[in-house]
Amino acid sequence: MIRFENVGMRYGMGAEVLKDITFELSPGSFHFLTGPSGAGKTSLLRLMYLAHRPSRGTITMFGQDVGALDRKALPRLRRRIGVVFQDFRLLDHLTAVENVALPLKIAGGRGPEIEEHVQELLSWVGLEHRMASRPSTLSGGEKQRVAIARAVINRPDLLLADEPTGNVDPEMAERLMHLFVELNKLGTTTVIATHDMSLVRKIGASRMHLHDGRLQLLGAGESPISPIDAGALRPTTSPPGPEERA
Ligand SMILES: Nc1ncnc2c1ncn2[C@@H]1O[C@H](COP(=O)(O)OP(=O)(O)O)[C@@H](O)[C@H]1O
Ligand SMILES: [Mg+2]
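Everything numeric here is computed off the predicted structure, so don't read it as measured data. (Residues numbered from 1 in each chain as written. Chains lettered and ligands numbered in written order. Predicted model: local features only at pLDDT ≥ 70, side-chain atom pairs only at ≥ 80, totals over all residues. Heavy atoms only, no water.)

1. Concerning the site of ligand 1
Logical step 1: The full set of residues close to ligand 1 is Tyr11, Val17, Pro36, Ser37, Gly38, Ala39, Gly40, Lys41, Thr42 and Ser43.
Logical step 2: Taking Gly40, its main chain carries an N or O atom lying 3.0 Å from an oxygen atom of ligand 1.
Logical step 3: Lys41 is positioned such that a nitrogen or oxygen atom in its backbone is 2.8 Å from an oxygen atom of ligand 1.
Logical step 4: Computed on the free molecule, ligand 1 has an accessible area of 560 Å², of which 54% lies beneath the protein chains in the complex.
Logical step 5: In terms of residues, the shell around ligand 1 owes the most to one element, helix 1 (residues 41-48), which gives 3 residues. (Near = heavy atom within 4 Å. Polar contact = N/O pair within 3.5 Å; in protein donor to acceptor, adjacent residues only side chain to side chain. Areas by Shrake-Rupley, 256 points an atom, 1.4 Å probe, with all protein chains shown as cover. Helix = DSSP H or I, 4+ residues; strand = E, 2+ residues; numbered from the N terminus.)

2. A word on the sheet that holds strand 1 (residues 2-10)
Logical step 1: The strand order across the open sheet formed by 4 strands is 2-1-4-5, and the pairing between neighbours is antiparallel. Edge positions in the open sheet fall to strand 2 (16-25) and strand 5 (64-65), since each of these has one partner strand only.
Logical step 2: Judged from the 2 bridges that link them, strand 4 (residues 56-61) and strand 5 form a sheet pairing that is antiparallel. Within the sheet, the bridge partner assigned to Met61 lies in strand 5 and is Gln64.
Logical step 3: Strands strand 1, strand 2 and strand 4 of the sheet are contacted by helix 1, whose axis makes an angle of about 55° with strand 2. (Pairing = 2+ DSSP bridges. Contact = heavy atoms within 4.5 Å. Axes fitted to C-alpha atoms, helices over the stretch in contact; angles between N-to-C directions.)

Following this line, the structure appears as structure tokens:
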């Protein structure tokens with residue numbers, strides 16, 4: 001469904017921030033994307049939602065070679081992808097309900113069923129009292145929940161979320177993770193970038209772990225091999241894992 005082969009990425013003329021990225025995500029799979037700050041998580045997500053082109057390698061999305069697509073084909077692919085941006089990107093002139101309804105309207109939906117469906121989802125994420133509020137009047141955690149509702153409302157084939165629980169308390173974080181898990185059970189392939197290792201452990205999904213732009217694929221519960229552990233010189237005290245440093 002999604003395949004990266006020897007993908008590299010750079011910003012402008014800078015050094016590569018992603019190097020030799022190779023992986024394949026099968027339809028309906030669930031993955032966390034972990035790694036310290038600056039490791040390349042957001043950059044990898046940008047490639048996956050087609051906001052940035054790779055500097056080398058091949059990316060295949062839904063069976064199509066992204067490098068061979070013309071401009072007109074991109075929006076059609078993007079509509080199959082739900083994205084929760086780290087900075088939310090809500091439309092400030094629209095209410096919470098209108099923001100969340102937008103993907104359904106763009107997909108051609110009309111009528112009162114839309115509003116009902118949107119209100120149900122917003123209630124589920126604890127925003128029943130915020131339906132008519134504009135983003136500028138919402139807290140960070142509230143905006144985040146609107147952004148999540150908007151990303152999942154039309155059951156995308158692929159859901160990408162960048163630190164989606166960074167602004168909410170642990171209880172809400174777990175609730176939101178369960179929303180992602182439920183959506184995944186309905187068939188949505190899911191990739192969630194997060195720093196929150198306690199949530200990763202709780203959910204127990206497989207991990208894509210980035211370190212300095214390189215990717216390691218880990219099973220549930222597996223720890224990344226740090227360069228020091230992997231080297232010949234083993235320190236007497238073990239270095240902190242990437243999650244502690246992040
Ligand atoms: N727009 C940009 N222009 C130039 N460099 C960038 C840009 N965005 C990120 N970077 C660099 O790319 C590297 C990876 O960043 P990022 O993907 O944001 O990592 P993470 O999300 O894991 O914190 C970092 O070195 C960062 O400074
Ligand atoms: Mg990031």
